[in-house]
Amino acid sequence: MDRALTRWGRRLGTALLAVTGLLASAAHALEPRTTCTATLSGRRVMVRPEAFDFVSLELDRLVRLGMAGKLEVELTLWRRNALWFDARVDSTRLTQVLAFGNGVYLLDQRPLPDGASVMPLERVAWTLAERPDADARFEVRASVRLQVVTAASLGRVAAWLTQGKPTPVEEGSTLTGTVLRSVAEDLSRSASGRCDVTRPP
C-alpha cells in the first residue's frame, strides 16, 4: 500500500511539474478587468458587460488544445443612497463557455473575430417594480471569473502524463486534492468592476 502511494505521489509530482510549467509566463500577463455600460429607460435597466485580457498565454494554450473555459458572471443592480447604505435591487448570475474552433475563439458558439482579449458578455435586462424618481441613482457591479482547468481535469492530465489511471480527487489523499485545487485556482482569472446607470438625454 505504501509503495502504491509512493508511486502515485511520484507520478503526481511529475505531472504537477509539467502543469506548473504553464504558469511560467503568468507574471508578464496583462491583468484581467471587466467593465459595463448600463442604461435606464422607464422601468427597464439594460446592462452590457465586457471582459478584457482574461485569457493569459497559458490559458490560451489550454483552450487551443481543446479545453473549454467557463466564464462565471455575476451582475448586481444597486440603488445609491447618499445618507444611508446602498440598497440591492436585483442580481443575475450566468455562465458562458469559451472555446476555440476553426481558427477563432467562440463565446457560447458565437465567434469572436478579434480574439479573446475583448469579450462582449451576454446582455442582461432588469425591470424595476416601479418607475424611479428623476433623481434616483443606480449602479451595476460586475464580477467575472474565468476557469479553464478544474481540479478533476488536472487529475486526468496527471494520469495521462504518467500513463496511470485517473484517481478522482475525492478518492485521493487530502494533500493530493488540495494541491490539485491550488494549481487549478492558479489557472483561473477574475476581476470586478462597476458602472453608473445612465438615462437617455
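First, a word on scope: everything that follows refers to the structure included in this document. Quick caveat: nothing in here was measured; it's all calculated off a predicted structure.

Bringing the nonpolar core into the picture now. With 37 residues, the main nonpolar core has Met119 and Val140 as its most contacted residues. With five residues, the top contributor of residues to this core is strand 9 (residues 137-147).

Turning next to the state of the cysteines. This structure, assessed with the given rule, holds one disulfide. The disulfide partner of cysteine 36 is cysteine 195, and the gap between their sulfur atoms is 2.1 Å. Here the S-S torsion is close to -110 degrees, and the disulfide linking cysteine 36 with cysteine 195 is therefore left-handed. Taken as a pair, cysteine 36 in strand 1 (residues 33-41) and cysteine 195 in strand 10 (residues 188-198) lie far apart in primary sequence, 159 residues in all.

Our next topic: the pairing of strand 4 (residues 87-101). One ladder, built from eleven bridges, connects strand 3 (residues 69-80) with strand 4; its direction is antiparallel. Across the sheet, arginine 79 pairs through a bridge with alanine 87, a residue of strand 4. Connecting strand 3 to the antiparallel partner strand 4 that follows it, the hairpin turn spans six residues. In terms of strand pairing, strand 4 meets strand 5 (residues 104-107) through four bridges, oriented antiparallel.

Now for the pairing of strand 1. Only one face of strand 1 is buried: it carries Thr34, Cys36, Ala38 and Leu40, and the other face, with Arg33, Thr35, Thr37, Thr39 and Ser41, is open. Taken together, the nine bridges between strand 1 and strand 2 (residues 44-52) define a ladder with antiparallel strand orientation. Opposite threonine 39, over in strand 2, you have methionine 46 as the bridge partner. Taking the residues between adjacent antiparallel strands as the criterion, strand 1 and strand 2 are bridged by two residues, where glycine 42 takes a positive phi near 70 degrees. Relative to strand 10, strand 1 runs parallel, the two sharing two bridges. Note on strand 10: the bridge partner recorded for threonine 39 is threonine 198.

Next up on the list: helix 2 (residues 57-64). Among the residues making up helix 2, those that are buried are Glu58, Leu59, Asp60, Leu62 and Val63. Elements that come into contact with the buried residues of helix 2 comprise strand 4, strand 5, strand 9 and strand 10. Residue glycine 66 follows helix 2 closely and has a positive phi angle near 115 degrees.

Before going further, it helps to spend a moment on the packing of aromatic side chains. Taken as a whole and judged by the stated rule, the model has two aromatic pairs. With a centroid separation of 5.2 Å and 65 degrees between ring planes, the pair formed by tryptophan 84 and phenylalanine 85 is classed as edge-to-face. When its relative accessible area of 64% is taken as the criterion, phenylalanine 85 is described as exposed. Between phenylalanine 100 and tyrosine 105, the aromatic rings sit 5.1 Å apart at their centres with planes inclined by 75 degrees, giving edge-to-face as the arrangement. Taking the relative accessible area as the measure of exposure, phenylalanine 100 reaches 24% and is therefore partly exposed. The ring of phenylalanine 52 is capped by arginine 33, whose NZ or CZ atom sits 4.2 Å from the centre of that ring. Over the ring of tryptophan 78 we find arginine 141; its NZ or CZ atom is 4.3 Å from the centre of that ring.

Right, let's talk about the environment of glutamate 31 for a bit. You can see glutamate 31 is positioned in the loop between helix 1 (2-20) and strand 1. Judged by relative accessible area, which is 64%, glutamate 31 ranks as exposed. For the pair glutamate 31 and aspartate 53, spaced 22 residues apart in sequence, the C-alpha to C-alpha distance is 6.5 Å.

Overall, the coordinates contain nine salt bridges when judged by the stated rule. As a salt-bridge pair, arginine 141 and aspartate 86 come within 3.0 Å of each other at their nearest N and O atoms. Highlighted residues: arginine 141 in strand 9 and aspartate 86 in the loop between strand 3 and strand 4, separated in sequence by 55 residues. Overall, the relative accessible area of 24% leaves aspartate 86 in the partly exposed class. The salt bridge partner of arginine 141 is glutamate 139, with a shortest N-O separation of 2.8 Å. Among the charged side chains, a salt-bridge network with shared partners connects Arg80, Asp86, Glu139, Arg141, Arg194 and Asp196.

About the cut-offs
- Residues numbered from 1 in each chain as written.
- Predicted model: local features only at pLDDT ≥ 70, side-chain atom pairs only at ≥ 80, totals over all residues.
- Heavy atoms only, no water.
- Core = buried A, V, L, I, M, F, W, Y, C linked by side-chain atoms within 4.5 Å.
- Buried < 20%, exposed > 50% of the residue type's maximum accessible area, 1.4 Å probe, protein only.
- Helix = DSSP H or I, 4+ residues; strand = E, 2+ residues; numbered from the N terminus.
- Disulfide = S-S within 2.5 Å.
- Pairing = 2+ DSSP bridges.
- Contact = heavy atoms within 4.5 Å.
- Phe/Tyr/Trp six-rings, centres within 6.5 Å; stacked < 30°, edge-to-face > 60°.
- Lys NZ or Arg CZ within 6 Å of the ring centre and 35° of its normal.
- Salt bridge = Lys/Arg side-chain N within 4 Å of Asp/Glu carboxyl O.

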